[in-house]
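Fold and contact review
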Amino acid sequence: MAILPIVTVPDPLLKTVSTPVEMVDDALRAFMNDMLNTMYNAPGIGLAAIQVGRPIRVLVMDLSDEQTSPDPKYYINPVVIWTSEDMAVYNEGCLSVPEQYADIERPAECKVTYLDYHGAEQEIHATGLLATCIQHEIDHLNGIVFIDYISTLKRGIAVRKVKKLVKEED
Ligand code: ZN
(Lines give C-alpha, C1' and ligand atoms only; values in the text may rest on other atoms or scores of the structure.)
Protein backbone atom coordinates (compact mmCIF):
# COMPACT_ATOMS: atom_id res chain seq x y z
CA MET A 1 0.00 0.00 0.00
CA ALA A 2 1.28 3.41 -0.97
CA ILE A 3 1.29 6.68 0.92
CA LEU A 4 -0.10 9.33 -1.40
CA PRO A 5 0.75 13.07 -1.28
CA ILE A 6 -2.01 15.10 0.42
CA VAL A 7 -3.27 18.24 -1.32
CA THR A 8 -3.40 21.28 1.00
CA VAL A 9 -5.11 24.68 0.84
CA PRO A 10 -5.13 26.91 -1.15
CA ASP A 11 -4.71 24.31 -3.95
CA PRO A 12 -7.64 24.88 -6.36
CA LEU A 13 -8.06 21.09 -6.67
CA LEU A 14 -9.86 21.21 -3.31
CA LYS A 15 -12.62 23.30 -4.96
CA THR A 16 -13.36 20.51 -7.47
CA VAL A 17 -16.80 18.88 -7.46
CA SER A 18 -15.97 15.15 -7.65
CA THR A 19 -17.78 12.78 -9.99
CA PRO A 20 -19.61 9.57 -8.99
CA VAL A 21 -17.83 6.22 -9.25
CA GLU A 22 -19.30 3.98 -11.95
CA MET A 23 -17.84 0.64 -10.90
CA VAL A 24 -16.53 -0.72 -7.60
CA ASP A 25 -13.67 -2.95 -8.74
CA ASP A 26 -10.27 -4.16 -7.54
CA ALA A 27 -8.54 -1.06 -8.91
CA LEU A 28 -10.85 1.15 -6.82
CA ARG A 29 -10.38 -1.06 -3.73
CA ALA A 30 -6.57 -0.82 -4.13
CA PHE A 31 -6.86 2.98 -4.39
CA MET A 32 -9.12 3.13 -1.29
CA ASN A 33 -6.57 1.08 0.66
CA ASP A 34 -3.85 3.52 -0.42
CA MET A 35 -6.11 6.34 0.80
CA LEU A 36 -6.58 4.56 4.12
CA ASN A 37 -2.86 3.99 4.50
CA THR A 38 -2.23 7.68 3.73
CA MET A 39 -4.85 8.68 6.32
CA TYR A 40 -3.39 6.41 9.05
CA ASN A 41 0.11 7.68 8.29
CA ALA A 42 -0.89 11.38 8.56
CA PRO A 43 -2.57 10.57 11.05
CA GLY A 44 -6.20 11.48 10.47
CA ILE A 45 -9.73 10.05 10.91
CA GLY A 46 -11.16 10.75 7.45
CA LEU A 47 -9.97 11.38 3.92
CA ALA A 48 -11.71 12.19 0.62
CA ALA A 49 -10.23 11.12 -2.73
CA ILE A 50 -9.84 14.73 -3.89
CA GLN A 51 -7.44 15.26 -0.95
CA VAL A 52 -5.01 12.96 -2.75
CA GLY A 53 -5.83 14.55 -6.10
CA ARG A 54 -8.52 12.23 -7.55
CA PRO A 55 -11.91 13.87 -8.22
CA ILE A 56 -14.10 10.83 -7.51
CA ARG A 57 -16.82 10.49 -4.85
CA VAL A 58 -14.97 8.23 -2.43
CA LEU A 59 -14.25 8.61 1.31
CA VAL A 60 -12.38 6.54 3.85
CA MET A 61 -12.75 6.95 7.60
CA ASP A 62 -11.73 5.25 10.83
CA LEU A 63 -13.16 6.63 14.06
CA SER A 64 -11.74 3.95 16.36
CA ASP A 65 -9.49 5.20 19.15
CA GLU A 66 -6.13 3.85 20.33
CA GLN A 67 -7.83 1.45 22.75
CA THR A 68 -9.88 -0.31 20.10
CA SER A 69 -8.84 -2.21 17.00
CA PRO A 70 -8.83 -0.45 13.62
CA ASP A 71 -12.27 0.02 12.07
CA PRO A 72 -11.76 1.14 8.45
CA LYS A 73 -14.86 2.39 6.64
CA TYR A 74 -15.27 3.00 2.92
CA TYR A 75 -18.03 5.23 1.52
CA ILE A 76 -18.51 5.32 -2.25
CA ASN A 77 -20.94 7.83 -3.85
CA PRO A 78 -22.29 8.92 -0.43
CA VAL A 79 -25.49 10.99 -0.47
CA VAL A 80 -26.99 12.78 2.53
CA ILE A 81 -30.71 11.95 2.40
CA TRP A 82 -31.75 13.48 5.74
CA THR A 83 -30.35 15.83 8.36
CA SER A 84 -31.66 16.56 11.86
CA GLU A 85 -32.87 19.99 12.88
CA ASP A 86 -30.68 19.68 15.98
CA MET A 87 -27.25 21.15 15.41
CA ALA A 88 -23.92 20.22 17.02
CA VAL A 89 -20.62 22.11 17.23
CA TYR A 90 -17.34 20.28 16.85
CA ASN A 91 -13.77 21.59 16.78
CA GLU A 92 -12.83 20.37 13.30
CA GLY A 93 -9.49 19.87 11.65
CA CYS A 94 -8.50 18.58 8.21
CA LEU A 95 -5.46 16.93 6.65
CA SER A 96 -5.68 19.52 3.85
CA VAL A 97 -5.53 22.35 6.43
CA PRO A 98 -2.81 20.94 8.72
CA GLU A 99 -2.66 22.10 12.35
CA GLN A 100 -5.63 24.52 11.98
CA TYR A 101 -8.86 23.98 13.89
CA ALA A 102 -12.21 25.76 14.10
CA ASP A 103 -15.60 25.23 15.75
CA ILE A 104 -18.05 24.29 12.99
CA GLU A 105 -21.81 23.86 13.45
CA ARG A 106 -23.54 21.09 11.48
CA PRO A 107 -26.69 18.98 11.83
CA ALA A 108 -26.16 16.67 14.82
CA GLU A 109 -27.47 13.62 12.94
CA CYS A 110 -27.79 12.59 9.33
CA LYS A 111 -28.76 9.66 7.14
CA VAL A 112 -26.45 8.75 4.29
CA THR A 113 -26.75 6.22 1.47
CA TYR A 114 -23.58 4.89 -0.16
CA LEU A 115 -21.92 1.88 -1.76
CA ASP A 116 -19.64 -0.16 0.48
CA TYR A 117 -16.22 -1.79 -0.21
CA HIS A 118 -17.95 -4.53 -2.21
CA GLY A 119 -20.25 -2.18 -4.13
CA ALA A 120 -23.38 -3.06 -2.11
CA GLU A 121 -25.91 -0.33 -1.32
CA GLN A 122 -25.97 0.72 2.33
CA GLU A 123 -27.67 3.31 4.51
CA ILE A 124 -26.52 4.64 7.88
CA HIS A 125 -28.04 6.89 10.49
CA ALA A 126 -25.01 8.79 11.75
CA THR A 127 -24.82 10.52 15.15
CA GLY A 128 -22.03 12.11 17.19
CA LEU A 129 -18.53 12.20 15.68
CA LEU A 130 -19.59 9.99 12.76
CA ALA A 131 -22.24 12.53 11.72
CA THR A 132 -19.75 15.41 11.90
CA CYS A 133 -16.99 13.53 10.12
CA ILE A 134 -19.08 12.16 7.28
CA GLN A 135 -20.59 15.61 6.58
CA HIS A 136 -17.09 17.14 6.60
CA GLU A 137 -15.86 14.49 4.13
CA ILE A 138 -18.90 14.74 1.84
CA ASP A 139 -18.27 18.51 1.72
CA HIS A 140 -14.87 17.72 0.16
CA LEU A 141 -16.65 15.87 -2.66
CA ASN A 142 -18.54 19.11 -3.34
CA GLY A 143 -15.42 21.30 -3.28
CA ILE A 144 -15.99 22.61 0.26
CA VAL A 145 -13.35 22.72 2.99
CA PHE A 146 -14.34 23.40 6.64
CA ILE A 147 -12.57 26.77 6.68
CA ASP A 148 -15.05 27.92 4.01
CA TYR A 149 -17.52 28.23 6.93
CA ILE A 150 -15.37 30.62 8.99
CA SER A 151 -14.84 34.36 8.43
CA THR A 152 -12.75 35.54 5.47
CA LEU A 153 -10.26 37.03 7.92
CA LYS A 154 -9.80 33.80 9.91
CA ARG A 155 -9.68 31.74 6.71
CA GLY A 156 -6.93 33.98 5.32
CA ILE A 157 -4.90 33.51 8.50
CA ALA A 158 -5.34 29.72 8.39
CA VAL A 159 -4.32 29.51 4.72
CA ARG A 160 -1.21 31.64 5.34
CA LYS A 161 -0.21 29.40 8.26
CA VAL A 162 -0.65 26.26 6.12
CA LYS A 163 1.41 27.76 3.28
CA LYS A 164 4.20 28.55 5.74
CA LEU A 165 4.03 25.06 7.25
CA VAL A 166 4.11 23.33 3.84
CA LYS A 167 7.06 25.52 2.76
CA GLU A 168 8.99 24.59 5.91
CA GLU A 169 8.41 20.89 5.24
CA ASP A 170 9.81 21.08 1.68
ZN1 ZN B 1 -11.04 17.52 5.50
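Below is a summary of the structure that appears in this document.

Cut-off values and rules
- Residues numbered from 1 in each chain as written.
- Predicted model: local features only at pLDDT ≥ 70, side-chain atom pairs only at ≥ 80, totals over all residues.
- Heavy atoms only, no water.
- Salt bridge = Lys/Arg side-chain N within 4 Å of Asp/Glu carboxyl O.
- Helix = DSSP H or I, 4+ residues; strand = E, 2+ residues; numbered from the N terminus.
- Buried < 20%, exposed > 50% of the residue type's maximum accessible area, 1.4 Å probe, protein only.
- 1 Å grid on protein atoms, 1.4 Å probe; cavity = no way out; pocket = protein on both sides within 12 Å on 5 of 7 lines; lining within 4 Å.
- Points joined across faces, edges and corners; volume = space filled by probe spheres on them.
- Nonpolar A, V, L, I, M, F, W, Y, C, P; charged D, E, K, R; others polar.

**Looking at the pattern of salt bridges**
- Under the criterion given, the structure shown has six salt bridges.
- In this structure, E92 engages R106 in a salt bridge whose closest nitrogen and oxygen atoms are separated by 2.7 Å. Separated by 14 residues along the polypeptide, E92 in strand 4 (residues 87-92) and R106 in strand 5 (residues 102-107) bring together distant segments of the chain. Per residue, the accessibility class of E92 equals that of R106, and both read buried.
- Close ionic contact of R106 with D139 constitutes a salt bridge, the shortest N to O distance being 2.9 Å. Here D139 lies in helix 2 (residues 128-141) and R106 lies in strand 5, a separation of 33 residues in the sequence. You'll find R106 and D139 in the same group, each marked buried.
- Each member of the salt-bridge network shares a partner with another, and the members are E92, R106 and D139.

**Digging into the layout of surface pockets**
- Estimates place the volume of the largest pocket at around 700 Å³.
- P43, G44, G93, C94 and L95 are the residues nearest the centre of the largest pocket, which is lined by 31 residues in total.
- Those elements that place two or more of their residues in the lining of the largest pocket are helix 1 (26-41), strand 4, helix 2 and helix 3 (152-169).
- Counting residues per element, the lining of the largest pocket draws most heavily on helix 2, at five residues.
- For the lining of the largest pocket, a count of residues per class yields 16 nonpolar, 11 polar and four charged.
- The volume enclosed by the second largest pocket comes to roughly 200 Å³.
- Around the second largest pocket, the lining residues are Y40, P43, G44, I45, D62, S64, D65, E66 and P70.
- In the lining of the second largest pocket, the residues fall into four nonpolar, two polar and three charged.

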